[in-house]
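# Descriptive structure summary
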Amino acid sequence: MQIRKGTQALVIGLGAAGLSTVRYLLARGVRVKVSDQRQLDQIDPATLDLFRQADVELEAGGHTLGMLSGTDLVIPGPGVPLDLPLVQAARDQGIPIAGELALAAGQFSAPVIAVTGSNGKTTVTSLIGHLLRAAGRHPFVGGNIGTPLLDYFAAPQEYDVVVLELSSLQLDLAGLFRPDIGLL
């Protein structure tokens, strides 16, 4: 998915992946709004400082349809249900909805190994990362395991392979993302 400078994106959910998405978008000149169900006093003060400095509009304590005004793209976090009324309203209004995988599609400078399935994803992803390190490689290991996948783009030159644990929720909005190797 091509992100253009000046695009207005709404990130829904401010978990680790949501915050990573905000940083990724800001680095590309995107205007960002965030809607999170947590109350303002439950959000990390450093995150609030970042938002103030970057002029990120934040809606805390729930999701209102008014956040869709002027929005060009909606990016729900991987834990956000796709039947959330705000996501449904975006769909009804024809606003594109993309996940972090769709944002990253085609932009990795290293080969990508993706691991998904119902059981054992974390174990297999961790094991692959360990084996690659033991072989002298420099893997980025992330996705649904610890480090959000968009954090890769903060320093892609440090890594020679990407190993991602992907949940079904991430795959729901994968767009054109295609790994070099996929494990189920």
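Next up on the list: empty space enclosed by the protein. Counted under the stated rule, the structure contains two cavities of 30 Å³ or more. Looking at the largest cavity, its volume works out to about 70 Å³. Around the largest cavity, the lining residues are P76, G77, P78, V80, L82, G99, E100, L169, Q170 and L173. Lining the second largest cavity we find V11, I12, G13, A17, G18, T21, I75, P76, G77, P78 and E100. Secondary-structure elements contributing two or more residues to the lining of the second largest cavity are β1 (8-12), α1 (16-27) and β4 (73-76). Broken down by element, the residue count for the lining of the second largest cavity peaks at three residues, all from α1. Classifying every residue of the lining of the second largest cavity gives six nonpolar, four polar and one charged.

This brings us to unusual backbone geometry. Keep in mind that most residues, glycine aside, have a negative phi and that most peptide bonds are trans. Even without being glycine, D55 reaches a positive phi, approximately 60°. Assignment of secondary structure puts D55 in the loop between α2 (45-54) and β3 (57-60). Residue D55 is classed as exposed on the basis of its relative accessible area, which comes to 68%.

Once that is clear, we can look at the layout of surface pockets. Space inside the largest pocket adds up to approximately 150 Å³. As for the largest pocket, its lining consists of I12, G13, L14, G15, D36, Q37, R38, H63, G79, V80, P81 and L84. Looking at side-chain class alone, the lining of the largest pocket contains five nonpolar, five polar and two charged residues.

Parameters at a glance
Residues numbered from 1 in each chain as written. Predicted model: local features only at pLDDT ≥ 70, side-chain atom pairs only at ≥ 80, totals over all residues. Heavy atoms only, no water. 1 Å grid on protein atoms, 1.4 Å probe; cavity = no way out; pocket = protein on both sides within 12 Å on 5 of 7 lines; lining within 4 Å. Points joined across faces, edges and corners; volume = space filled by probe spheres on them. Helix = DSSP H or I, 4+ residues; strand = E, 2+ residues; numbered from the N terminus. Nonpolar A, V, L, I, M, F, W, Y, C, P; charged D, E, K, R; others polar. Buried < 20%, exposed > 50% of the residue type's maximum accessible area, 1.4 Å probe, protein only.

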